[in-house]
Amino acid sequence: MRASGGASPRPAPPKRSATPTTTKLPVPASSSLAMPAPRLAHLRRLLSLHSPPPHPLAPSPARPLRPSFILPRAMAGAAQAGAATGSAEYEEVLGCLASLIKQKVRADTGNRGNQWELMAKYLQILELEEPIARLKVVHVAGTKGKGSTCTFAESILRSCGFRTGLFTSPHLIDVRERFRLDGLDISEEKFIRYFWWCWNKLKVKTGDDIPMPAYFRFLALLAFKIFSDEQVDVAVLEVGLGGKYDATNVVKAPVVCGISSLGYDHMEILGNSLVEIAGEKAGILKKGVPAYTVPQPEVAMSVLKQRASELGVSIRIVPPLDPRQLEDQPLGLHGEHQYMNAGLAVALANTWLERQGHLDRIHVKDHGTLPDQFIKGLSIACLQGRAQIVPDLQVSSECKDTSCPLVFYLDGAHSPESMEICAKWFSHVTKKDAAQPGPLEQPRSGINSKKILLFNCMSVRDPQILLPRLLDTCAQKGLCFDQALFVPNQSQYNKLGSHASPPPGREQIDLSWQLSLQTVWEDLLRGKKGLNGTSSSGASLVFESLPSAIKWLRETSQQNQSTSCQVLVTGSLHLVGDVLRLIKT
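Owing to the predicted nature of the structure, the values given are computational and were not obtained by experimental measurement.

Explain the sheet that holds strand β6 (residues 256-259) to me, please; I cannot follow it from the model alone.
What links the strands of a sheet is backbone hydrogen bonding, and the strands pair in either a parallel or an antiparallel sense. Within the open sheet, the eight strands sit side by side as β4-β3-β2-β5-β1-β6-β7-β8. Their pairing is mixed. Strands with a single pairing partner mark the edges of an open sheet, and in this sheet they are β4 (184-185) and β8 (315-317). Where helix α4 (residues 146-159) meets the sheet, it contacts β1 (137-141), β2 (164-167) and β5 (234-238), and its direction lies at approximately 170 degrees from that of β5. Those strands touched by helix α9 (residues 298-311) are β6, β7 (291-293) and β8, and its axis lies near 145 degrees from that of β8.

So, in C-alpha cells, the structure goes:
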C-alpha cells in the first residue's frame, strides 16, 4: 500500500527452488577444442520497488501493487525487455507484467479458449468496446508468415501516408517491439503511461471472480488502448495463437482478414490435424468481411472455404508476388518464401484502401508493376529474427581483413515447414561468393568456410521432426554442417527487465534437454553417413550457456581468420533474440 510521503517497503525475495544435479558436458574425443570454462553473467542488482508516480491517465491504486519479478521458465521469451533502457519505473512495469505470466502447462488442452468470456469483462473495465469498434483493423492469422505479412501490410499502408499501428509477437529483445506506431517501437514514456492506465483500472476491478488477465491478453488489451488513443488510421493485428480464442479476436468487424500458410505448430493446444488447426485459424473470419489466404494443403483449404461459406463470404486465394512487379527492388524481408507473404500483404492493403475509399491515394501503373507506395513499403519492411544476417562487429573490428570471419544467420523457424524454408534460405545465401541481397553486403565466404549450427527449441517441439527436416533439406542443396552447438536460451535464466542472470553455480544448470538434442543430431548423422557425400560430419558440442558458446565462436574465428564461420541460429525465436542481444552489445 502506498504510504503518505513515501514508498512501500520492498517485499522479501522468493526462495530459490532446489538445484538440479550436476550435468557433465560431453566434448567429442575427436575434437581438439576443449569446452571453455563457464563465464556466467553477473546479475545486475534489481532496482528497489517504488510506487509509481501519478500519471495523467492513472488513478491511485485501490490496493498495493506487488509485482513478482521471478520469470517462469515456460515463458522465457518475455524476458529482459528493459535491459537497454535502465529506467527504474520501466523495470517496475516489467515486473508487473511478469506477474501475469501463468505457470500453466501448454499441453493442457483446457487452455483452448481458457475463460474466453473474461475478455468481454476486461473490455468493459477498460471501456474499450467503442474504441475497438472504431479501429480500422487488418487481422492476420496463420502458422507461418503471419508476422511477416503484417509487417509488409503495415509498411505498405504507412508508405501510402497513413498513421499505422502494428501489434506483433513475440518480441526478441524489448517488449515494446510488439507495439509499433508509424513503424517505430512505442516510446518508453508512452508505454509506461498507457501501461499504468490499464494496470490500475484492472487492479481495482479484478479479484477472485474476475482475475487479472494473463500476460498476452493484457498486452493485447494494452495494444487496443494505445492504438485507439493514438488515433491510428489503421491497426494491423497479428494473432498470437490460433485465432478463434485469441485475445485479438475481440475485434468484431475488421476491415479485412488474412490467413497465411498453415502447418503443424502448437498442436498441444490447437489440435493434431490440419483440419483442427485450420478450424482454429478460421475463427478470425467474420460475416461481411473480405478474406484472403495463400495456397494451402487441400484439407486445410476445405476447412477455410467451408467456414467462409457459413459466414456468407468468399475467401480468395492469393498467389506469391511476382518479383517483376517490384521494378528490381528487393523485399525488405529476405528469403524466397517472403514473396508468398508479400503477395498476401498486397491483397490485404489494397482491399483496406478500397473499402476505406482511399484508392485515389495510389497511382496504378499500366505496365503491370505495383504502385510506387507499395514497392516502397515492401522494400523498407523490417522484422528482426526472420532470415536476418548479422556480421559480428566485435570480431570484424579486430581483423585485418575487410571481410568478417564470423557471420550469424538468424531465423526463428520452429515448425517442420519453416525449418525447411530456413534450410533453403541458409543454403542459398551461403553459396560460394554469393552476396546477400539487401542493405548489408554479406562477407564473401571464399574457399574456406565453416558452416555451424547453433540450435535450441522448446521442449514442446519434437526435435526428431525438426532436425531431420533441416538436415535433409541442407543435404539436398549440397550443404553440410561442420559443427552443431546446442545451448539453453539465455532468457531462460533472466528476470524480466534485468541483465542475464544464470544460476550462480554450474551445478544448478540443467542441460538434459540440450543433451537430448545432441543425441538426436548424432543419431541422424550416423544414419546418414555416406549419403552423396553431403551429410554433416563435424563434432557436436553442448554449452552450458549461450554467452560461453558465443565466446567460443569468437575465439575460434579469431584463431583462423582465413576461414569464414557462418553460423545458422534457429529453432527458437527466443534463442534468436538472445543471440541478437549478445552480439549487438
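When you look at the UniProt feature "binding site: Mg(2+)" (unreviewed entry) in the protein in this model, what are you seeing that I'm missing?
The feature "binding site: Mg(2+)" (unreviewed entry), as annotated in UniProt, sits at Ser169, Glu238 and His266 in this numbering. Looking at where Ser169 falls in the secondary structure, it is placed in the loop between β2 and β3 (179-181). Ignoring anything within four residues of it in the chain, the contact list for Ser169 reads Arg178, Phe216, Glu238, Gly240 and Arg386.

Where do I start with the packing of helix α13 (residues 416-429) against helix α14 (residues 463-476) in this structure?
Closest axis-to-axis distance for the α13/α14 pair is 8 Å, and the angle between their directions is 30 degrees. Taken together, α13 and α14 sit at an angle that is classed as roughly parallel. Here α13 and α14 pass one another in a crossing that is right-handed. Residues Pro416, Glu417, Met419, Glu420, Ala423, Lys424 and Ser427 of α13 form the contact with α14, whose own contacting residues are Ile465, Leu466, Arg469, Leu470, Thr473 and Cys474. Tallied by class, the residues present in the contact of α13 with α14 amount to seven nonpolar, two polar and four charged.

Can you help me understand the sheet that holds strand β9 (residues 388-391) in this one?
Here six strands make up an open sheet; going across it, the order is β9-β10-β14-β11-β12-β13 and the pairing mixed. If you trace the sheet from one side to the other, it starts and ends with β9 and β13 (540-542), each paired once. Direction aside, neighbouring strands of the sheet carry axes that sit 20 degrees apart on average. Judged from the five bridges that link them, strand β10 (residues 406-410) and strand β14 (residues 564-570) form a sheet pairing that is parallel. Residue pairing across strands places Leu406 opposite Cys565, the latter belonging to β14. Contacting β9, β10, β11 (449-455) and β14, α13 runs over the sheet at an angle of about 165 degrees to β14. Sheet contacts for helix α17 (residues 573-583): β9, β10, β11 and β14; angle to β10, the most-contacted strand, approximately 150 degrees.

Would you mind showing me how to read the side chain of Thr151 here?
Mapped onto the elements of the fold, Thr151 is located in helix α4. Residues in contact with Thr151, not counting those within four places in the same chain, are Leu166, Ala381, Cys382 and Leu383.

Teacher, can you tell me more about the packing of helix α1 (residues 88-98) against helix α5 (residues 188-205) here?
Packed helices, taken two at a time, are described by the angle their axes make and the gap between the axes. Running from N to C, α1 and α5 point in directions that differ by 45 degrees, and their axes come no closer than 10 Å. The orientation of α1 with respect to α5, classified from their angle, is oblique. With respect to the hand of their crossing, α1 and α5 are arranged in left-handed fashion. Each of Glu89, Tyr90, Glu92, Val93, Cys96 and Leu97 in α1 lies in contact with α5, whose residues at this interface are Glu188, Phe191, Ile192, Phe195, Trp196 and Trp199. For the contact of α1 with α5, the residue count by class is nine nonpolar, no polar and three charged.

Can you help me understand the pairing of β14 in this one?
Two faces belong to every sheet, and in a regular strand the side chains alternate between them. Counting buried residues in β14 gives seven out of seven residues, a clear majority hidden from the surface. Judged by which residues are buried, β14 turns out to be covered on both faces: Ser564, Gln566, Leu568 and Thr570 on one side and Cys565, Val567 and Val569 on the other are all buried. As paired strands, β11 and β14 are joined by seven bridges and run parallel to one another. Counted as the bridge partner of Leu453 is Leu568 from β14.

Is there a simple way to explain the packing of aromatic side chains in this structure?
By convention here, two paired aromatic rings are described through the distance between centres and the angle between planes. In total, this model carries 17 aromatic pairs according to the counting rule given. Ring centres 5.6 Å apart and planes at 40 degrees place the aromatic pair Phe167 and Phe179 in the tilted group. Within this pair, whereas Phe167 is found in strand β2, its partner Phe179 is found in strand β3, the two being separated by twelve residues in sequence. The class for Phe179 is buried, based on a relative accessible area of 0%. Aromatic pair Phe486 and Trp521: ring centres 6.4 Å apart, planes at 65 degrees, arrangement edge-to-face. Within this pair, whereas Phe486 is found in strand β12 (residues 483-486), its partner Trp521 is found in helix α15 (residues 512-528), the two being separated by 35 residues in sequence. In this structure Phe486 comes out as buried when scored by relative accessible area, which is 0%. An aromatic cluster of at least three residues, connected via ring pairs, comprises Tyr409, Trp425, Phe426, Phe455, Phe481, Phe486 and Trp521.

Can you walk me through the confidence of the model for the protein in this structure?
Predicted coordinates in areas of low pLDDT are best not read in detail. Averaged over all residues, the pLDDT of the protein equals 80, while 73% of them reach at least 70. Within the model, the stretch residues 1-85 combines pLDDT values under 50 with 180 contacts to residues more than four positions away or in other chains. Of the regions scoring below 50 in pLDDT, residues 433-446 engages in 29 contacts with residues more than four places distant in sequence or in other chains.

Explanation requested: helix α6 (residues 215-229) in the structure shown.
Each α-helix turn comprises 3.6 residues. Residues three or four places apart therefore point the same way. End to end, α6 covers 21 Å across 15 residues, agreeing with the expected 21 Å (1.5 Å per residue, within 8%). Within α6, 13 of the 15 residues are buried, which leaves the element mostly enclosed by the surrounding structure. One or two steps after α6, the chain reaches Gln231, where phi turns positive at roughly 55 degrees.

For this particular structure, what's the right way to read the pattern of salt bridges?
Taken as a whole and assessed by the stated rule, the structure comprises 17 salt bridges. Two residues, Lys225 and Asp229, come together in a salt bridge whose shortest N-O distance is 3.0 Å. Taken together, the residues span about one helical turn, with Lys225 and Asp229 both in helix α6 at a distance of four residues. Members of the salt-bridge network, linked through shared partners, are Arg163, Asp182, Lys190 and Glu230.

I'm lost on the side chain of His171 in this one. Help?
If you trace the backbone, His171 turns up in the loop between β2 and β3. Relative accessible area serves as the criterion here: at 2%, His171 is assigned to the buried category. A distance of 2.9 Å separates a polar atom in the side chain of His171 from a polar atom in the side chain of Arg178.

Definitions and cut-offs
- Residues numbered from 1 in each chain as written.
- Predicted model: local features only at pLDDT ≥ 70, side-chain atom pairs only at ≥ 80, totals over all residues.
- Heavy atoms only, no water.
- Pairing = 2+ DSSP bridges.
- Helix = DSSP H or I, 4+ residues; strand = E, 2+ residues; numbered from the N terminus.
- Contact = heavy atoms within 4.5 Å.
- Axes fitted to C-alpha atoms, helices over the stretch in contact; angles between N-to-C directions.
- UniProt positions renumbered as here; feature names shortened; annotations may be inferred.
- Parallel < 35°, antiparallel > 145°, perpendicular 65-115°, else oblique.
- Left-handed = near helix turned anticlockwise from the far one by under 90°.
- Nonpolar A, V, L, I, M, F, W, Y, C, P; charged D, E, K, R; others polar.
- Buried < 20%, exposed > 50% of the residue type's maximum accessible area, 1.4 Å probe, protein only.
- Phe/Tyr/Trp six-rings, centres within 6.5 Å; stacked < 30°, edge-to-face > 60°.
- pLDDT = per-residue confidence, 0-100.
- Expected span 1.5 Å × (residues − 1).
- Salt bridge = Lys/Arg side-chain N within 4 Å of Asp/Glu carboxyl O.
- Polar contact = N/O pair within 3.5 Å; in protein donor to acceptor, adjacent residues only side chain to side chain.

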